Amino acid sequence: MPTTDMRFNICIIDDIKSTVEMIATKIPWDTYGIKVAGTAKNGEEGLALIQETRPDIILTDIRMPRMDGLEMTRRIIDLLPQCKIIILSAYTDFEYAKQAIRLGAFDFVKKPFSMQEITKVVLEAKEALESEYNQQERIQAMEKKVQESLPLLRQEYFGRLLQHELRPEEARDYWQEMHVDLEPEGLAVLIMEIDHFMDKYASQPIHEIELVRFALHNIIEETLHGETRGIVVRDGPSYYACIINCEREEEARRIAEACCANIASCTKFTISIGVGTVVEDIYRLPHSYKSALSALAYHFYTGGNDVFSLADAPREREAYPRYTQEKEQELLISLRAGNRDKSLLALERLFDDVTQLHPLPDPQYVRSMYYELALVMLRAFYELVPLAVLQPYDLQIRDRSSQALDGIKPFQQLLRDLCQAGCAWIEKERASDSTQLVHRAVEYIKSNLHLDLTVEHCARQMNISGGHFASLFKKVTGTTLNQFVTAERIERAKRLLIENYQVQEIALSLGYEHRRYFSEVFKKHTGQTPSEFKDAYIGQK
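Residues numbered from 1 in each chain as written. Predicted model: local features only at pLDDT ≥ 70, side-chain atom pairs only at ≥ 80, totals over all residues. Heavy atoms only, no water.

## Digging into the sheet that holds strand β4 (residues 84–89)
Strand order in the open sheet formed by five strands is β2-β1-β3-β4-β5, and the pairing between neighbours is parallel. Two strands close off the open sheet at either side, each with one partner strand: β2 (34–40) and β5 (107–110). On average, each strand axis in the sheet is inclined to that of its neighbour by 20°, with strand direction left out of account. The sheet contacts of helix α1 (residues 17–25) involve β1 (8–13), β2, β3 (57–61) and β4, and relative to β2 the element is tilted by about 170°. (Pairing = 2+ DSSP bridges. Helix = DSSP H or I, 4+ residues; strand = E, 2+ residues; numbered from the N terminus. Axes fitted to C-alpha atoms, helices over the stretch in contact; angles between N-to-C directions. Contact = heavy atoms within 4.5 Å.)

Structure (structure tokens):
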């Protein structure tokens, strides 16, 4: 075979020495990319030379001693089927030449011949070789691509076999075409999910993700091969589909549990596995696949690292829960009121409606029910709480592809967090409103110390009830309204005394009708009479 620069070797065999030397030396073969690998004078020497040098092109006489060109052609075709044999034939040997062509010789040249004729036919042989080698390279490149794409072809094939109901003969044709090393009867599908894989690895480089998938794939394959005959294919970014030979579902479950245990002990990952029903023929595999998916959905209740089959599911859809309108209204009223404790209690009662059922209901139904509940809670809060507070929860709830909500516990915790965040904002806002109201009341009091500032009087000014006002006032200021009013009046009286106002005048300006009563109140709070306070202050000055 020629090298990449397409140079070819030629051997020349003829019992006439001058003919051999003329062909070998008088034609500039190097300029044509051809090298004379050797010459021989009879058929036996020629065959030995060909076996040694394995040339691409052979020029040989049809009649030679010991072994003629016809017999040698037969042997060369067996030895080097791609070699181009050119027969040198006299006119009388034309029938022999035609036999050689039928045996596989490339062409023949009649004697006597010119150097131009020899050159022309040899270059035609070279061109034919180049064409064949190029075609061969294209075929090899195509075969390489097919080999490289074989995993994808297998992936596509098994995806079709598992997810689409095929005619029995069509399924068997696929099975044979892919050379599946499984018995076509007694089969079950295992669907395996890497728990929380994309949430943990979404930000990692793709090659690291692929290494993890490859390692887990190998562990699963080794586990299966230790238990039964089986194959493993990718079924999504974090899923594997396994087809195994088994006779009973209990056997399939045991194999699945072994896969779970080996993954957990050999890696930092866990997997959840849905066990499909055992089917009698390959065309029934979609039934096993669908039942495995339905079973896998039950990892919603455990969070992962477990095996599930349809035996874990309720047999009657009537067993599926539905919380009452009264419980939903109780939750919504508590949310709108911003009452965190009551809201959480109402939420837990709704959770109990699901988790206390035995057997547990269809997880897809429960997940949908939780999504509906989450949206109801969001709508209630959006009436009172800003978008910025609720948006992180809204995004998680509406992103149904997130594995963060792929379990009942994280989903319940998200609803609790939403409840607490919304109620906390409402309570904070309500507290802020209350503070502002009390501050307005304080300003009113300071501007109207001469009035009869009772609780009912101040509450009317703020447009709320007396009891609610008294409670808010004490919560914000830390003192009762009467204590606050008295303290403000005493401080005002001190300033007026220093400014040399008369005691009677001060008492009337602060709402005290009698000078004597004012003096008693002043002394009770300061330890001095108004006059003593004034004298002491001025005396210090």
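## Digging into the packing of helix α15 (residues 408–447) against helix α16 (residues 455–462)
The contact between α15 and α16 brings their axes to 10 Å, and the two run at 120°. On the basis of the axis angle, α15 is oblique to α16. The handedness of the crossing between α15 and α16 comes out as right-handed. Residues L437, R440, A441, Y444 and I445 of α15 pack against H457, C458, Q461 and M462 of α16. Of the residues in the contact of α15 with α16, the class split is six nonpolar, two polar and one charged. (Parallel < 35°, antiparallel > 145°, perpendicular 65-115°, else oblique. Left-handed = near helix turned anticlockwise from the far one by under 90°. Nonpolar A, V, L, I, M, F, W, Y, C, P; charged D, E, K, R; others polar.)

## Some words on helix α2 (residues 43–53)
Looking at α2, one finds that the buried residues are G43, G46, L47, L49 and I50. All buried residues of α2 project into a common sector of 160° when viewed along the axis, lining one side. Residues of α2 that are buried make contact with β1, β2, β3 and α3 (69–79). A side-chain oxygen of the first residue of α2 lies 3.1 Å from the backbone nitrogen of E44; this N-cap is N42. (Buried < 20%, exposed > 50% of the residue type's maximum accessible area, 1.4 Å probe, protein only. Arc of directions from axis to C-beta. Polar contact = N/O pair within 3.5 Å; in protein donor to acceptor, adjacent residues only side chain to side chain.)

## What about the sheet that holds strand β6 (residues 187–194)?
Spatial ordering of the open sheet is given by β7-β8-β6-β9-β10, a layout of five strands whose pairing is mixed. At either margin of the open sheet sits one strand with a lone partner, and together these are β7 (230–236) and β10 (307–309). For this sheet, the mean angle separating the axes of adjacent strands, direction not counted, is 25°. Pairing between β6 and strand β8 (residues 239–245): seven bridges, direction antiparallel. Bridge pairing in β8 places V189 opposite I243. Of the strands in this sheet, β6, β8, β9 (271–275) and β10 touch helix α9 (residues 249–266), which is tilted by about 170° from β9. Contacts from helix α10 (residues 285–296) reach β6, β7, β8, β9 and β10 within the one sheet, and its direction differs from that of β6 by about 35°.

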